[in-house]
Amino acid sequence: MKIAFGCDHAGFEIKEKLINYIKSIGNEVIDCGTDVSISCDYPDFALKVAQNIVSKKADKGILICGTGIGMSIAANKIKGIRAAVCWSKETATLISQHNNANIMCAGARFASVEDICSWIKIFIETKFEERHLKRINKISLIEQQS
Ligand code: RB5
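The shown structure was predicted, so the numbers you read here are calculated from the model rather than taken from an experiment.

1. A few points about the overall build of the protein
If you tally the helices and strands in the protein, you get 6 helices and 5 strands. For the protein, the sequential pattern of α-helices and β-strands runs β-α-β-α-β-α-β-α-β-α-α. The C-alpha atoms of the protein give 14 Å as radius of gyration, which agrees with the globular expectation for 146 residues (15 Å, within 12%). Taken over the C-alpha atoms alone, the protein extends approximately 40 × 30 × 25 Å along its principal axes.

2. Considering the site of the ligand
Close contacts around the ligand come from Asp-8, His-9, Ala-10, Tyr-42, Cys-65, Gly-66, Thr-67, Gly-70 and Arg-109, and that covers them all. Between an oxygen atom of the ligand and a side-chain N or O atom of Asp-8, the distance comes to 2.6 Å. Contact between the ligand and Thr-67: an oxygen atom at 3.0 Å from a main-chain N or O atom of the residue. When the ligand sits alone it has 300 Å² of accessible area, and the protein chains cover 71% of it. Looking at side-chain class alone, the shell around the ligand contains 3 nonpolar, 4 polar and 2 charged residues.

3. Considering the packing of aromatic side chains
The final tally for this structure, using the stated rule, is 0 aromatic pairs. The side chain of Lys-60 reaches across the aromatic face of Phe-123, ending 4.5 Å from its centre.

4. Structural notes on the packing of helix H1 (residues 9–24) against helix H5 (residues 113–125)
Remark: H1 packs on H5, axes separated minimally by 10 Å, with the N-to-C direction vectors making an angle of 35°. In the packing of H1 onto H5, the handedness of the crossing is right-handed. In contact with Ile-14, Lys-17, Leu-18, Tyr-21 and Ile-22 of H1, H5 contributes Val-113, Ile-116, Cys-117, Ile-120, Lys-121 and Ile-124. Considered class by class, the residues forming the contact of H1 with H5 number 9 nonpolar, no polar and 2 charged.

5. Side note on the pattern of salt bridges
In the structure shown here, the tally under the stated rule is 4 salt bridges. Between Lys-15 and Asp-31 there is a salt bridge, and its shortest N-O distance comes to 3.0 Å. Taken together, the positions of Lys-15 in helix H1 and Asp-31 in strand S2 (residues 28–31) put the pair 16 residues apart, joining distant regions of the chain. Classification of Lys-15 by relative accessible area gives buried; the value is 7%. Note on Asp-31: relative accessible area 40%, which makes it partly exposed. The shortest N-O distance in the salt bridge between Glu-129 and Arg-131 comes to 2.8 Å. Connected via shared salt-bridge partners are Lys-15, Asp-31 and Asp-35.

Analysis parameters
- Residues numbered from 1 in each chain as written.
- Predicted model: local features only at pLDDT ≥ 70, side-chain atom pairs only at ≥ 80, totals over all residues.
- Heavy atoms only, no water.
- Helix = DSSP H or I, 4+ residues; strand = E, 2+ residues; numbered from the N terminus.
- Rg over C-alpha atoms; globule rule 2.2 N^0.38 Å.
- Near = heavy atom within 4 Å.
- Polar contact = N/O pair within 3.5 Å; in protein donor to acceptor, adjacent residues only side chain to side chain.
- Areas by Shrake-Rupley, 256 points an atom, 1.4 Å probe, with all protein chains shown as cover.
- Nonpolar A, V, L, I, M, F, W, Y, C, P; charged D, E, K, R; others polar.
- Phe/Tyr/Trp six-rings, centres within 6.5 Å; stacked < 30°, edge-to-face > 60°.
- Lys NZ or Arg CZ within 6 Å of the ring centre and 35° of its normal.
- Axes fitted to C-alpha atoms, helices over the stretch in contact; angles between N-to-C directions.
- Left-handed = near helix turned anticlockwise from the far one by under 90°.
- Contact = heavy atoms within 4.5 Å.
- Salt bridge = Lys/Arg side-chain N within 4 Å of Asp/Glu carboxyl O.
- Buried < 20%, exposed > 50% of the residue type's maximum accessible area, 1.4 Å probe, protein only.

Geometric descriptors of this kind do not, in isolation, establish any biological role.
Right, dumping it as structure tokens:
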């Protein structure tokens, strides 16, 4: 799979380990930054990752900030994006199975790099369950009406 990866300064410290891990399990990575440890604004990277997904350059995305929350709020402003904050193996499974999330967000200040790696693997490999499609389509309807 092609995975777009983005983080802010809070995620920068673990960025290299996460990207290496994503590659080690057989994926290509599109690195959307940040490339330096200085303070930066997470919406800039949420936008880049989201654009890679809606343009179909990437299949799924990973966004890391301090909590994962700011990244998810920003990415979900883009039509077609379903960005979900993940905090456990169970939520990594469910954001794929139930929500058909195309971006997984996580908080570097609240989880170990090992935990985030395990969630990423689950998120990438878990398939959407079609029985939830009706609800996903309703999310698209809300987008069209707003
Ligand atoms: C940066 O200090 C922090 O606000 C950011 O990484 C993120 O947690 C926002 O949601």
